[in-house]
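Chain by chain, the residues run as shown.
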Amino acid sequence: MKARLRFRLNGKVVETEVETHWRLLDLLRDGLGLTGTKEGCGAGECGACTVLCDGEAVNACLMLALEAEDREIRTVEGLVGPGGRLSAVQRAFVEEGGAQCGFCSPGMVMSAQALLLEDPDPSEERIREALTGNLCRCTGYKQIVAAIRRAASLRRSEAGEGERGEAGGEG
Ligand code: FES
Ligand code: FES
């Protein structure tokens, strides 16, 4: 059975038809071709499918697509800025070697993004806590934690530059 769905995805309004049993993950990957969001466990345990729903990290494998009605969903594709410029979080993951395999990295990046929206200067403890839903048993979390600390600092300095620009005006 199908139903209509209207929501915002990466800043744009999407109106589409979905199977009522589809998970948000099915809609993103199979319905809309956004394959940056990965499916690992499919059971809410690995965090590979993490996206933002109204700014909070959620598991797209546990959410029905229809639950996105009137919400703002952001996927890893939606972090990239104008001209393909990577977001501060993405740049920091690359620079600190925190981008590990293609399965866990998108989810880690989205959890980091959600954390920094809530807390622009998180402690290491808070960072590790925010990553508890994102599993990687391959290489450890050291570089990922370093990447999130770097992302926090990049975001703060970019926000400061924006404020100085506004205060200074065009002249
Ligand atoms: S695929 Fe969603 S938590 Fe693992
Ligand atoms: S699951 Fe991605 S590096 Fe371990």
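Note that the structure is a prediction, hence the values are computed from the model and not measured.

### Structural notes on the layout of surface pockets
At step 1: Reported here for the largest pocket is a volume of approximately 210 Å³.
At step 2: If you trace the largest pocket, you find it lined by G55, E56, A57, S111, A114, L115, L117, E118, R126, E129 and A130.
At step 3: For the lining of the largest pocket, the elements supplying multiple residues, two or more each, are β4 (56-59), α3 (105-118) and α4 (124-130).
At step 4: In terms of residue count, the dominant contributor to the lining of the largest pocket is α3 (5 residues).
At step 5: For the lining of the largest pocket, the residue count by class is 5 nonpolar, 2 polar and 4 charged.

### Notes on helix α1 (residues 24-31)
At step 1: Buried within α1 we find L24, L25, D26, L27 and L28.
At step 2: For α1, the elements touching its buried residues are β1 (2-9), β2 (12-19), β3 (50-53) and β5 (72-74).
At step 3: G33 sits one or two positions beyond α1 and adopts a positive phi of about 70°.

### A look at the pairing of β3
At step 1: The side-chain alternation of β3 yields two buried faces, one formed by T50 and L52 and the other by V51 and C53.
At step 2: Pairing of β3 with β4 involves 4 bridges; the strand directions are antiparallel. Looking at the pairing, C53 lines up with E56 of β4.
At step 3: In textbook terms, the turn of a hairpin is the stretch between consecutive antiparallel strands, and for β3 and β4 this stretch comprises 2 residues, one of which, D54, has a positive phi near 50°.

### Overview of the nonpolar core
At step 1: V89, F93, M108, L131 and I148 are the most contacted members of the largest nonpolar core, which totals 25 residues.
At step 2: At the level of secondary structure, the elements contributing two or more residues to this core comprise α2 (88-95), α3 and α5 (142-168).
At step 3: Setting aside anything within four residues of it in sequence, one finds V89 in contact with V109, A112, Q113, L116, A151 and R155.
At step 4: Residues L5, L24, L25 and C61 belong to the second largest nonpolar core, which totals 19 residues.

### Concerning the environment of G40
At step 1: By the element assignment, G40 lies in the loop between α1 and β3.
At step 2: Taking the C-alpha atoms as reference, G40 lies 9.1 Å from C61; in sequence the two are 21 residues apart.
At step 3: If near-sequence neighbours (up to four positions away) are discounted, G40 is found in contact with C46 and A48.

### Notes on the pattern of salt bridges
At step 1: A full pass over the atoms with the stated rule returns 15 salt bridges.
At step 2: Residue R74 is joined to E72 by a salt bridge in which the shortest nitrogen-to-oxygen separation is 3.7 Å.
At step 3: Salt bridges sharing partners connect three or more residues here, namely R8, E72 and R74.

### Notes on the sheet that holds β3
At step 1: If you trace the 5 strands from one edge of the open sheet to the other, you get β2-β1-β5-β3-β4, paired in mixed fashion. In the strand order of this sheet, the two ends are held by β2 and β4, each with one partner. Recorded for the sheet is a direction-independent mean angle of 45° between the axes of neighbouring strands.
At step 2: Strands β1, β2, β3 and β5 of the sheet are contacted by α1, whose axis makes an angle of about 80° with β1.
At step 3: Along the sheet, α3 makes contact with β3, β4 and β5, crossing β3 at roughly 30°.

Cut-offs applied
Residues numbered from 1 in each chain as written. Chains lettered and ligands numbered in written order. Predicted model: local features only at pLDDT ≥ 70, side-chain atom pairs only at ≥ 80, totals over all residues. Heavy atoms only, no water. 1 Å grid on protein atoms, 1.4 Å probe; cavity = no way out; pocket = protein on both sides within 12 Å on 5 of 7 lines; lining within 4 Å. Points joined across faces, edges and corners; volume = space filled by probe spheres on them. Helix = DSSP H or I, 4+ residues; strand = E, 2+ residues; numbered from the N terminus. Nonpolar A, V, L, I, M, F, W, Y, C, P; charged D, E, K, R; others polar. Buried < 20%, exposed > 50% of the residue type's maximum accessible area, 1.4 Å probe, protein only. Contact = heavy atoms within 4.5 Å. Pairing = 2+ DSSP bridges. Core = buried A, V, L, I, M, F, W, Y, C linked by side-chain atoms within 4.5 Å. Salt bridge = Lys/Arg side-chain N within 4 Å of Asp/Glu carboxyl O. Axes fitted to C-alpha atoms, helices over the stretch in contact; angles between N-to-C directions.

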